[in-house]
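# Chain and residue survey
Listed below are the residues making up each chain.
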Amino acid sequence: MSAKPKLRSVWVFHLNTGACNGCDIEILDILTPFYDAERLGVKLVGSPRHAHAMLVTGPLTRQCYYGAKKAIKAMPPKPRIIVVIGTCACSGGIFYNGYPIYRRSESGREGCEYPRRGGIIELIEDLRDEGEYVGPVIYIPGCPPRPEEILYGIAQLLGLVEKKLEGEHYTEEVGFELPEAPINERIRLTLREKLRHVVGYFDRDKILEDFMELVKKAEESEKPKEELKKLIDEYNAKIRDVRISFCMRLLENEYWRVRDALSAGKEFVYWV
Amino acid sequence: MPVTLRYPFTELEAPPEYRGLPHIDPKLCIGCGACVNACPPDAILRIDDYDRGTRKIVLDIGRCIRCARCEEVCPTGAIRLTNLFEAASPDRRDHIQVVELRLVRCKVCGNYTDFTERQVKKALQILPKEILEEEALEERVFICRNCRRKGTVDATINATKEVVL
């Protein structure tokens, strides 16, 4: 017989301590036939008196504190598992320094401690100080977590999968790379910022990379301006996407504006 | 036909545009702290230790709300949102990533300054070569704020004395 009794079918009670309802909708999602947490033995029950585990969401507001405490105390004394769902319940999340959020007096709000404090752990530590037994706690961060992520956390609780994440600590020994771009670094950063205003952070790096390749080709030729215009026309004809064509035209104008000013040694505004 | 996902027993990948767990590439990070200023829930911390001469950039995934502001402001593209999502863990310390970088030591007074060696390298890459000569730059860059201010003030006082006398 193993020392740790294996959990078979966990009955859970869902407790919201001031969440925005995002995490609650994801919990609802794992009970639908598509994700179906019930095949793992998970059953949502209507009272904490029947529950093995408590699914907690929300950053623990002062209003909810006493209710949450009562609910956890009402659970059977063992195993009293706490499944912490969402970034808010893990550490306070975006609400971490809001005035209605409960914090223990010794866990400061503006400190530099890590792991970051806040959320349901404050209540669990209060309960442990009072001598109440609270069983294992499993943290599922995410804002909100995907339904798969919650399933993964519950499967980990049941001993079906192993955890994948490890704490990481890097020092200077890993080495340093300063990537060299084919164009001047000042111009590259200017174009990157300009592109962020137009297409956003997600696509800008890929578009800029393609543009820099064209510039590199054009700069090698005799007449770089005409060559770049021709190359961009060819590129646009190939890609057939109006948005990317627009970005390429914009980058071309911007590139020559900044480069001409730099090579003439004149003052210019970086980005408008 | 069964519709249920076989998820915990099979591998699953998030869509390519999914904003999953952030990750700092320690080879690219220069420790400038732009992400620290941008992060709305303070999931990223900058901890300077002037005795040991290190700067720690600490990322806590358990506080992160996946807004990708850090990726947007990072000048070197070091911090990125991957499409991994399996972060569940019974220990909060598994959610921590630390990148520890060396601070520059002041050439004059020997104290540690408030910028890292990598930041200087990046700044020298951006700075146009024709503005300052290489040697003058090397002299000025590796000096802490106090010494630089003191040097400027002393130079000004000496200059005024010369004018008065």
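Residues numbered from 1 in each chain as written. Chains lettered and ligands numbered in written order. Predicted model: local features only at pLDDT ≥ 70, side-chain atom pairs only at ≥ 80, totals over all residues.

### Quick word on the overall build of chain A
The number of helices and strands found in chain A is nine helices and six strands. Scaling as 2.2 N^0.38, a compact globule of 272 residues should have a C-alpha radius of gyration of about 19 Å, whereas chain A reaches 27 Å, well beyond that. Each principal axis of the C-alpha distribution contributes one length, and for chain A these read about 80 × 45 × 40 Å. The buried share among the 272 residues of chain A stands at 34%. Sequence separation of 24 or more characterises 74% of the internal contacts of chain A that already satisfy a separation of 6 or more. (Helix = DSSP H or I, 4+ residues; strand = E, 2+ residues; numbered from the N terminus. Rg over C-alpha atoms; globule rule 2.2 N^0.38 Å. Buried ≥ 20, exposed ≤ 12 C-beta atoms within 10 Å, placed from the backbone. Contact = placed C-beta atoms within 7 Å.)

### Here's the deal with helix 7 (residues 201–220) of chain A
The periodicity of an α-helix, 3.6 residues per turn, causes residues three or four places apart in sequence to face the same way. All names here are of chain A. The first and last C-alpha atoms of helix 7 sit 30 Å apart over 20 residues, in line with the 28 Å expected at 1.5 Å per residue. Listed as buried for helix 7 are Arg204, Leu208, Phe211, Leu214, Val215 and Ala218. Along helix 7, the residues classed as buried sweep out an arc of 130° about the axis, all on the same side. Exposed and oriented more than 90 degrees from the buried face of helix 7 are Lys206, Glu209, Lys216 and Glu220. (Expected span 1.5 Å × (residues − 1). Arc of directions from axis to C-beta.)

### Considerations on helix 2 (residues 62–74) of chain A
All names here are of chain A. Spanning 13 residues, helix 2 covers 19 Å between terminal C-alpha atoms, matching the ideal 18 Å at 1.5 Å per step. Within the span of helix 2, buried status applies to Cys64, Ala68 and Ile72. Summarising the axial view, the buried residues of helix 2 lie within an arc of 65°, below the 170-degree limit, and thus occupy one face. Turned more than 90 degrees away from the buried face of helix 2 sit Gln63, Tyr66, Gly67 and Lys70, all of them exposed. As for helix 2, its buried residues are in contact with strand 1 (11–16), strand 3 (53–57) and helix 4 (121–129).

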